[in-house]
Structure formats: C-alpha cells, structure tokens
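Structural overview for review
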Amino acid sequence: KSVDVKIKDGFWKFYSDLNRNNIVGNVYERFKETGRFDALKCNWREGMLNKPHIYWDSDVAKWIEGVAYVIRNAPVPEWEKLVDEMIDNIAENQRADGYFNSYFLSVEPSKIFTNRDWHELYCLGHLIEAAIAYHEATGKDKLLNCVLKNTDMVYRIFIEEQSANFITPGHEEIELALLKLYNYLGEEKHLELAR
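A brief structural summary. It should be emphasised that the depicted structure is a prediction, and the values quoted were computed from it without experimental measurement.

What counts, and at which threshold
In every chain, residue numbers begin from 1 and rise along the written sequence. This being a predicted model, a pLDDT of at least 70 is required before a residue's local features are given, and a value of 80 or more before pairs of side-chain atoms are given or counted; all residues contribute to the totals for chains, interfaces and linings. Side-chain numbers here rest on the full set of heavy atoms in the structure, without hydrogens or water. Each helix corresponds to a stretch of at least 4 residues labelled H or I by DSSP, and each strand to a stretch of at least 2 residues labelled E; elements are numbered beginning at the N terminus. In this description the radius of gyration comes from C-alpha coordinates, and the expected globular size is given by 2.2 Å times residues to the power 0.38. Should any heavy atoms of two residues lie within 4.5 Å, those residues are considered in contact. In this description, accessible areas are obtained by the Shrake-Rupley approach with a 1.4 Å probe, and a residue is regarded as covered only by the protein chains that are shown. Only four residue types enter the tally: Lys and Arg on the positive side, Asp and Glu on the negative side; His and the chain ends are excluded. Taken as the charge centre is NZ of Lys, CZ of Arg, CG of Asp or CD of Glu, depending on the residue. Patch membership is restricted to residues that have no salt bridge and whose relative accessible area is over 30%. Joining uses 9 Å for like charges and 5 Å for the nonpolar side chains Val, Leu, Ile, Met, Phe, Trp and Tyr. The rule for a salt bridge is simple: a side-chain nitrogen of Lys or Arg has to be within 4 Å of a carboxyl oxygen of Asp or Glu. Between the first and last residue of a helix there are one fewer steps than residues, each counted as 1.5 Å, and that sum is the expected span. Bend, in this description, refers to the angle at a residue between axes fitted to the seven residues ending there and the seven starting there. Here the term buried applies to any residue with accessible area under 20% of the maximum for its type, exposed to any over 50%, and partly exposed to those in between, with areas from a 1.4 Å probe on protein chains only.

A short note on the overall build of the protein chain
Summing up its helical and strand segments, the protein chain has 9 helices and 0 strands in all. The linear arrangement of helices and strands in the protein chain, starting from the amino end, is α-α-α-α-α-α-α-α-α. Taking 16 Å as the expected radius of gyration for a compact globule of 195 residues, we find that the protein chain reaches 17 Å, a close match to that expectation. By sequence separation, contacts in the protein chain at least 24 residues apart represent 69% of the contacts at least 6 residues apart. Taken as a whole, the protein chain presents about 10,400 Å² of accessible surface, with 50% of it coming from carbon and sulfur. Each charge class in the protein chain was averaged separately, 24 positive and 32 negative side chains, and the resulting centres sit 3 Å apart.

With respect to the side chain of Asn 150
Structurally, Asn 150 can be placed in helix α7 (residues 142–161). Asn 150 has contacts with Gln 94, Gly 98, Tyr 99, Phe 100 and Leu 124, leaving out every residue within four places of it along the chain.

So, a nonpolar patch on the surface
A cluster of nonpolar side chains, contributed by Val 5, Ile 7, Phe 11, Trp 12, Phe 14 and Tyr 15, occupies part of the molecular surface with about 690 Å² of accessible area. Take Phe 14: it is sitting in helix α1 (residues 10–34).

Notes on α1
The α-helix winds at 3.6 residues per turn, so residues separated by three or four positions along the chain end up facing the same way. Compared with the 36 Å implied by 1.5 Å per residue over 25 residues, the 35 Å span of α1 between its first and last C-alpha is a close match. Within α1, the axis deviates most sharply at Asn 19, by approximately 45 degrees. Among the residues of α1, those classed as buried are Val 24, Tyr 28, Phe 31 and Thr 34. Following α1 by one or two positions, Gly 35 has its phi on the positive side, about 95 degrees.

Next up, the structure:
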C-alpha cells in the first residue's frame, strides 16, 4: 500500500512543484486537444476529427495515475472532477463482459484480441496502475471496479477459454500491473494471469 511521505524541500520539492503546477496541466491540455479524453466516450465515427489510436488509453491512464500521485497529499478538486468524468466514460462504455479499449470499441470492434502487437493488454495494464493509484489517493473505487471486471474477462479469455488469437502481450506492462494488483488485493488469479 502507499507510504506516507511528504517532500518539503530540495531537489524533489522543485520537481514535485513543477509537476503539480505546470506539467500535469500542460499534459491535460495537449491530450484534450488531440482527442485522447474524448476517445473514452467511444463515439468516434469515420470522418470525425481525432481518430483514436491503439495506445491512447494508456496515455490517459498515465495522466490519471500522475494526478493521483499529485493529489494524494494535497487535493486539487478540479483535477479530481476531470478524472471522475473520464472514469464515468470508461464505466459507461465498458462492455458487459468487461472489455474496454476506446480504440477497438469505436474504430475496429471486430479485431478485439486478434493481434498481440496492438496494445490492448498494455493499455489495460496502465489502467490497472491508474486505478490502484487513484483508489489509494481518493478511496474511490469506480475505476478499480472497471479494471477488475476487465481483468476478469482477460483471465477468462486467456486462461480459461484460451480464445484470443495470441497468448502473450506484444508490449510488456500488464505483467507489472497484475503484480501490483495482486499485491494490492491479494487475489491469486492476478498472480496466475501475470505468470
């Protein structure tokens, strides 16, 4: 679980303040401009601007995780509100079976889990890490519940049914996230899936 550390001065205080006061907001503006946050609405159609990309969910997840670390010791209500809106979009557009990936849900739904190099498991890994960090920072479990539902679906498809068109991810990340999830919740299936 999290460690209660407060940075009060020196090298890390400078960069902590820079992150809080400049970087997080600037990254938000760039991601908003490029459509990354809107992609979570899963309503993109051919001819619209800002066609989602296969890795955009990971970018959003990294931003959410960064916000979580910033607000852990000093809340920023407007960022928390933005994150909650993003999480609402994820929850609203998550399939009944647990699957969520904004690119595949809106651009190529017929190609879900057909190509190991298309970042689906990578994106889920970053969403898992974001969910853990946001839960630790705020106590809110909506994103954590979404990723648990998604992870259950991945477990079913990759372990029980073996119905995906590949057996290993094309980009490492989900393994790290599953180990963090195992350490956070203690559920053996997350460790098994990481293996």
